[in-house]
Amino acid sequence: MVSSLSKESQVELQLFHNEVNAANPSDFLQFAANYFNLRLEQQRSFLKDREPEFKAKNIVLFPEPEESFSRPQSSQSQSRSRSSVMFKSPFVNEDPHSNVFKNGFNLDPHEQDTNQQVQEEQQHIREKTSTPPLPMHFNAQRRTSVSGETLQPNNFDDWTPDHYKEKSEQQLERLEKSIRNNFLFNKLDSDSKRLVINCLEEKCVPKGATIIKQGDQGDYFYVVEKGTVDFYVNDNKVNSSGPGSSFGELALMYNSPRAATVVATSECLLWALDRLTFRKILLGSSFKKRLMYDDLLKSMPVLKSLTTYDRAKLADALDTKIYQPGETIIREGDQGENFYLIEYGAVDVSKEGQGVVNKLKDHDYFGEVALLNDLPRQATVTATKRTKVATLGKSGFQRLLGPAVDVLKLNDPTRH
Ligand SMILES: Nc1ncnc2c1ncn2[C@@H]1O[C@@H]2COP(=O)(O)O[C@H]2[C@H]1O
Ligand SMILES: Nc1ncnc2c1ncn2[C@@H]1O[C@@H]2COP(=O)(O)O[C@H]2[C@H]1O
């Protein structure tokens, strides 16, 4: 069956297969939905960035939604949907392509714990709408609009990035050293790594030069080969870094203004990666966790004081775990190793001799008391529903929670 598919589809399937093998997800459907959602979002974003280029060649990448599946709405809201759709999850309410995923199909993952539930929900949604499932419809639309063109949205194999330049042996050797310990590059497969390396542009910056100015638009992402840089937020020095580190990713990830000013504190040799290649190659692999945990971290009241940068660093350090009803997550008296954020689910907190003392649910947290006070676990925490948590190890807890630690201390449930 697979051999009858286009080469691009086969590549997609292979990539997906690799991801499934690596993640071994317990909730396969949710994993698959999230994975393809992300791929689609990446592809749309990437194409949206190149839309003017295509327009100049009279190629319409994103035609207006056809009448058959555009919901009745005001002309104002129609134009808003069209302009924002490329950067949004196809599962969100406003996306005209996503009628079928409304009613929380992906927004309330805890409501779809079993395959049967998902199937029932899909059936229910199908009955409610005549819109065909999103991926089919979206593909069909794309093909009719761009067929016959050299750069097909479906086919990135022929895509040559603007800044692609094969590196010399000597440059490759130096680059290998610079990026060896950079976790962003370690996540790439060898083909993507080669592509990224060949898209990097060498930039020599004198001491004292401003490389990035806070508030500017993002154009490049940088890796430091030699030299050191300082970071300033609102004129206050917040950070510095040296060889092997990287910076300038936030504005490219979130399409937001530069969050800091970056100044060279010595002569620097940098490698710069353009915005498009960054978004196409690095975003979905190296920054996958940031995309995955962004909504959760933003929605947690205890983390409200964190900046985008703090949240991004925190997301890099998180891992996901799923617990079944009845499973013990923390046992009273044990040593504390992790802090837990509840993505969805429900847990009981109980204490020896007292029974259940607390109940926690979506977007609550636990496991901070032992880590904050260097004490054994003060209670047992048991899942009462299927519960998905993001975990943060002890060292990350101490390094990455910043001002949120004060909030955790204030809210310490054992204080009284
Ligand atoms: N404390 C900080 N706050 C914001 N940005 C920082 C901080 N420390 C380092 N940076 C980096 O500085 C970069 C400035 O440009 P970006 O916002 O694109 O991405 C930012 C981060 O990579
Ligand atoms: N009343 C409570 N007493 C103790 N721990 C509680 C209570 N309510 C919630 N908890 C959480 O249960 C966790 C058990 O592990 P910790 O002691 O590390 O951190 C604890 C708190 O996060």
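Fair warning: this is a prediction, and the values are worked out from it, not measured in the lab.

Undergrad: Can you walk me through the overall build of the protein in this structure?
TA: Check the secondary structure of the protein and you find 16 helices and 16 strands. The buried share of the protein, taken over its 416 residues, is 45%. For the protein, the exposed area adds up to about 21,900 Å²; of that, 49% sits on carbon and sulfur atoms.

Undergrad: How should the site of ligand 2 be read in this particular structure?
TA: Ligand 2 sits among 15 residues. The nearest are Gly-367, Glu-368, Ala-370, Arg-377 and Gln-378. The backbone of Gly-367 places a nitrogen or oxygen atom 2.8 Å from an oxygen atom of ligand 2. The separation between an oxygen atom of ligand 2 and a polar main-chain atom of Gln-378 is 2.8 Å. Counting residues per element, the ones that place at least two in the shell around ligand 2 are β13 (355-361) and α14 (368-373).

Undergrad: Before we go on, may I ask you to explain the sheet that holds β13 in this structure?
TA: Where strands meet in a sheet, backbone hydrogen bonds hold them as pairs that are either parallel or antiparallel. On the basis of which strands lie adjacent, the open sheet formed by 4 strands has the order β10-β15-β12-β13 and antiparallel pairing. Looking at strand neighbours, the two that pair on one side only are β10 (328-330) and β13, the edges of this open sheet. Adjacent strand axes in the sheet meet at a mean angle of 30° when their direction is disregarded. Examined bridge by bridge, strand β12 (residues 346-351) and β13 share 6 bridges and lie antiparallel to one another. Within the sheet, the bridge partner assigned to Lys-351 lies in β13 and is Gly-355.

Undergrad: I tried to follow the packing of aromatic side chains on my own but got confused; where do I start?
TA: Any two aromatic rings considered together are summarised by their centre-to-centre distance and by the angle between their planes. Per the stated rule, a full pass over the model turns up 10 aromatic pairs. Ring centres of Phe-339 and Tyr-365 lie 5.7 Å apart, and the angle between their planes is 55°; on these two criteria the pair is classed as tilted. Taken together, the residues span a long stretch of sequence, with Phe-339 in strand β11 (residues 338-344) and Tyr-365 in strand β14 (residues 365-366) at a distance of 26 residues. A connected cluster of aromatic rings, assembled from ring pairs, spans Tyr-220, Tyr-222, Phe-231 and Phe-247.

Undergrad: In this structure, what is going on with the state of the cysteines? I would like to understand it.
TA: Linking two cysteines covalently through their sulfur atoms gives a disulfide. The tally for this structure, following the rule as stated, stands at 0 disulfides. With no disulfide partner, Cys-204 has as its closest neighbouring cysteine sulfur the one in Cys-268, 8.4 Å distant. Relative accessible area serves as the criterion here: at 55%, Cys-204 is assigned to the exposed category. We classify Cys-268 as buried; its relative accessible area is 1%.

Rules used throughout
- Residues numbered from 1 in each chain as written.
- Chains lettered and ligands numbered in written order.
- Predicted model: local features only at pLDDT ≥ 70, side-chain atom pairs only at ≥ 80, totals over all residues.
- Heavy atoms only, no water.
- Helix = DSSP H or I, 4+ residues; strand = E, 2+ residues; numbered from the N terminus.
- Buried < 20%, exposed > 50% of the residue type's maximum accessible area, 1.4 Å probe, protein only.
- Areas by Shrake-Rupley, 256 points an atom, 1.4 Å probe, with all protein chains shown as cover.
- Near = heavy atom within 4 Å.
- Polar contact = N/O pair within 3.5 Å; in protein donor to acceptor, adjacent residues only side chain to side chain.
- Pairing = 2+ DSSP bridges.
- Axes fitted to C-alpha atoms, helices over the stretch in contact; angles between N-to-C directions.
- Phe/Tyr/Trp six-rings, centres within 6.5 Å; stacked < 30°, edge-to-face > 60°.
- Disulfide = S-S within 2.5 Å.

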